[in-house]
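# Fold and geometry: a report
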2 protein chains.
Amino acid sequence: MRRNAERRQALIDAAIEVLAREGARGLTFRAVDAEAAVPPGTASNYFANRDDLFTQVGGRIYERLLPDEATIARHREGVQDQARYAELMHELVDRVAAFNSGYLALLELRLESTRRPELRAVLTKRIREDIDANIGYHAASGLPGDSTSVVLLYLALNWLIVERLTLPDIFTEQQIHELVDAAVRRSLNA
Amino acid sequence: MRRNAERRQALIDAAIEVLAREGARGLTFRAVDAEAAVPPGTASNYFANRDDLFTQVGGRIYERLLPDEATIARHREGVQDQARYAELMHELVDRVAAFNSGYLALLELRLESTRRPELRAVLTKRIREDIDANIGYHAASGLPGDSTSVVLLYLALNWLIVERLTLPDIFTEQQIHELVDAAVRRSLNA
DNA sequence: AACGTAGTACTACACATGGAGTGGTGTCAA
DNA sequence: TTGACACCACTCCATGTGTAGTACTACGTT
């Protein structure tokens, strides 16, 4: 098992792209090698087996989907009103759109996790942390609404993103924008 | 190309199970043959190629996810109040749970549709019809709320189902029940 | 400065698997 | 008798795993 951390990360990032493009079953060592442009056999040296590969990708993907430190810091400044919250949600949706393959890969991982208990455990942990963080953020901001509001918003936005990524002709960009606004407004004004 | 309609349907239903269990890439003629317990090579005779198979599954899956005539008729009777609407949504969520593999297969199809334009067209058509039907149903019922309410509810419930199917430890059954109630209540009281 | 060593990159191969497509034979019913 | 379909067998091909072995590079030692 090789230890070169940069290379491992490059392989995992390549795996994310493969996942999004080829699906879970297409995530093979060879495909990862090809995507990362390293010689065939390299991935074999970095992951014990495919299960290990899935688990490591599951551990990393959330890091790449969450906003970076600077963005978080920026959002902690200024007034915390509903407009600001909506802005944050729009940014979330846009960020996902900009890292399209990351979100698709996460969906593939979710589906794959019905077959791989280890992967399911990793994803469950990450996602629960994310939801709790969102609830905490909302509570600290002093905005109206309760934790149910936050969860409902989480649900609606996630599917909105799925809809946009998988069947982009269902809603127009304009409709998506309005739906985000509506979701924030109605969730918080419960 | 064979024409036996019953056999074709049996093959498509088998394909749905394969999709849910093995993923999109695992949907092969041979796997369908095995699942339907017919001799190898049969699926080859019923579908021109894999693309055709995907498209036909996409056309059929929605028929199996929607409520049957009797259920629809039953729901058209009696008072159309918010409690009744919530009941309908609970039934939707339960129906999906009872046909687990169907919903998972639909998710696989959505992901696969990012690679198959024909499939995307079929799914887009079906889903748009479904959303429009939901909006129409709501409007006819005379319940409070507008079309945005219906769409937001659609979004939230869909992801709730995804969450339950893929990572069942995120929310308890109790929480899911409450979230359905909350989603209906808050959507309609906009 | 020469040497040795360890870790890693890279290459090659043996082995196995799985699936597509097709041609052909058997069977049944109109 | 004929046509459609179920069933079977076989060829060809593509892909992937796991591993053994070679080449390179950096670094520490004397």
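Higher on the page you've got the structure.
Summary of the structure given here. Everything numeric here is computed off the predicted structure, so don't read it as measured data.

## Digging into the protein's contact with DNA strand C
Close contacts around DNA strand C come from 13 residues, with A:R7, A:P39, A:P40, A:Y46 and B:R30 the closest. In DNA strand C, the atoms that sit within 4 Å of the protein are 60% sugar and phosphate, with bases accounting for the remainder. Within the side chain of A:R2, one N or O atom sits 3.0 Å away from a base nitrogen of DNA strand C. Within the side chain of A:Y46, one N or O atom sits 2.8 Å away from a phosphate oxygen of DNA strand C. Contributions of two or more residues to the surface near DNA strand C are made by helix 3 (42-46) of chain A together with helix 2 (29-36) of chain B. Split into classes, the residues belonging to the surface near DNA strand C amount to 4 nonpolar, 4 polar and 5 charged.

## Thoughts on the protein's contact with DNA strand D
Around DNA strand D, 13 residues are found, and the nearest of them are A:R30, B:R2, B:R3, B:R7 and B:Y46. Close to the protein, within 4 Å, the atoms of DNA strand D belong to sugar or phosphate groups at a rate of 65%. The side chain of A:R30 places a nitrogen or oxygen atom 2.8 Å from a base oxygen of DNA strand D. Between DNA strand D and B:R7 there is a distance of 2.6 Å, counted from a phosphate oxygen to a side-chain nitrogen or oxygen. Elements with a minimum of two residues in the surface near DNA strand D: helix 2 (29-36) of chain A together with helix 3 (42-46) of chain B. By residue class, the composition of the surface near DNA strand D is 4 nonpolar, 4 polar and 5 charged.

## Description of the packing of aromatic side chains
Following the criterion strictly, the structure yields 2 aromatic pairs over all chains and no others. Seen in terms of ring centroids, A:Y85 and A:Y137 are 6.5 Å apart; in terms of plane orientation they differ by 25°. Their pairing is stacked. Linking A:Y85 in helix 6 (residues 82-98) with A:Y137 in helix 8 (residues 117-141), this pair joins segments that are 52 residues apart in sequence. We note that A:Y85, like A:Y137, is buried. Against the face of B:F47 rests B:R8, its NZ or CZ located 5.6 Å from the ring centre.

## Observations regarding the packing of helix 8 (residues 117-141) of chain B against helix 9 (residues 147-166) of chain B
All names here are of chain B. For the pair helix 8 and helix 9, the least separation of the axes is 9 Å and the interaxial angle reads 130°. In terms of orientation, helix 8 and helix 9 fall into the oblique class. The way helix 8 lies across helix 9 gives a crossing that is right-handed. Each of I127, I131, N134, I135 and H138 in helix 8 lies in contact with helix 9, whose residues at this interface are S147, V150, V151 and Y154.

## Focus on helix 1 (residues 5-22) of chain B
Residue and element names in this part refer to chain B. Between its first and last C-alpha atoms helix 1 spans 25 Å; for 18 residues at 1.5 Å apiece the expected length is 26 Å, and the two agree. Residues of helix 1 that are buried in the fold lie against helix 2, helix 3, helix 4 (50-65) and helix 7 (100-112). Backbone nitrogen of E6 and a side-chain oxygen of the N-cap are separated by 3.2 Å at the start of helix 1; the cap is N4. G23 sits one or two positions beyond helix 1 and adopts a positive phi of about 90°.

## Some words on the pattern of salt bridges
Tallied over the full model, the rule gives 32 salt bridges over all chains. Ionic pairing is found between A:R64 and A:D13, a salt bridge with its closest N-O pair at 3.1 Å. Here A:R64, found in helix 4 (residues 50-65), pairs with A:D13, found in helix 1 (residues 5-22); they are 51 residues apart in sequence, far enough to count as distant. Assessed through its relative accessible area of 30%, A:R64 is described here as partly exposed. Linking B:R21 and B:E35 is a salt bridge whose minimum nitrogen-to-oxygen distance equals 2.9 Å. With a gap of 14 residues between them, B:R21 in helix 1 and B:E35 in helix 2 connect regions that are remote in the sequence. Each of A:D51, A:E112, A:R115, A:R116 and B:E108 takes part in one network of salt bridges that share partners.

## Some thoughts on the relation of the copies chain A and chain B
For the pair chain A and chain B, the superposition axis carries a translation of 0.0 Å, the fit reaches an RMSD of 0.0 Å, and the rotation angle comes to 180°. Such values leave the two copies arranged in the relation of a two-fold axis. Within chain A, the C-alpha atom positioned nearest to the axis of rotation is that of A:A156, 2.1 Å from it. An overlap of 100% is found between the interface residues of chain A and their copies at the interface of chain B, pointing to a shared contact surface.

## A few points about the interface of chain A and chain B
Contacts between chain A and chain B engage 47 residues on the former and 47 residues on the latter. For the pair chain A and chain B, the summed buried surface comes to about 4,000 Å²; carbon and sulfur atoms form 67% of the total. For the interface between chain A and chain B, the tally reads 8 salt bridges. Two residues, A:R25 and B:E22, come together in a salt bridge whose shortest N-O distance is 3.2 Å. For the interface between chain A and chain B, the tally reads 20 residue pairs in polar contact (both at pLDDT 80 or more). Among the secondary structure elements, those contributing two or more residues to the side of chain A that touches chain B are helix 1, helix 7 (100-112), helix 8, helix 9 (147-166) and helix 10 (173-188) of chain A. Here the residues of the side of chain A that touches chain B are counted per class, giving 25 nonpolar, 10 polar and 12 charged.

Reading the values: the criteria
Residue numbers run consecutively from 1 along every chain, following the written order of its sequence. Note on labels: chains are lettered from A, ligands numbered from 1, in written order. pLDDT decides what is reported in this predicted model: residues at 70 or higher carry local features, side-chain atom pairs at 80 or more are listed and counted, and totals for whole chains, interfaces and linings draw on all residues regardless. Side-chain metrics rest on all non-hydrogen atoms present in the structure, leaving aside hydrogens and water. Near, as used in this document, describes a residue that has one of its heavy atoms within 4 Å of the molecule or strand being considered. Here a polar contact is taken to be a pair of N or O atoms separated by no more than 3.5 Å, where protein atoms must pair a possible hydrogen donor with a possible acceptor and residues adjacent in sequence count only if both atoms sit in side chains. Secondary structure elements are defined from DSSP: runs of H or I of at least 4 residues count as helices, runs of E of at least 2 residues count as strands, and each element is numbered from the N terminus. Polarity classes work like this: nonpolar for Ala, Val, Leu, Ile, Met, Phe, Trp, Tyr, Cys and Pro, charged for Asp, Glu, Lys and Arg, and polar for all others, with Gly in that last group. Between 30 and 60 degrees the pair is tilted, below 30 it is stacked and above 60 it is edge-to-face, where a pair is any two Phe, Tyr or Trp rings, Trp via its six-membered ring, whose centres lie within 6.5 Å. Summary of the burial criterion: residues with accessible area below 20% of their type's maximum are buried, those above 50% are exposed, and those between are partly exposed, where the area comes from a 1.4 Å probe applied to protein chains only. Two conditions define a charge located above a ring, namely a distance within 6 Å from the ring centre to NZ of Lys or CZ of Arg, and an angle within 35 degrees of the ring normal. Lines fitted to C-alpha atoms define the axes, with helix axes restricted to the stretch in contact, and inter-axis angles between N-to-C directions lie between 0 and 180 degrees. In these notes the angle categories are as follows: under 35 degrees is roughly parallel, over 145 is roughly antiparallel, 65 to 115 is roughly perpendicular, and the rest is oblique. Two helices that cross are described as forming a left-handed crossing if the nearer one is turned anticlockwise from the farther one by less than a right angle, and a right-handed crossing if clockwise. For this analysis, residues touch if any pair of their heavy atoms sits within 4.5 Å. Helix span, expected: 1.5 Å multiplied by one less than the number of residues in the helix. Salt bridge, as applied in this entry: a Lys or Arg side-chain nitrogen positioned within 4 Å of an Asp or Glu carboxyl oxygen. Superposition of the copies was done by least squares, using only C-alpha atoms of residues whose pLDDT is at least 70 in both. Two parts placed together each lose some accessible area under a 1.4 Å probe, and adding up what both lose gives the buried area.

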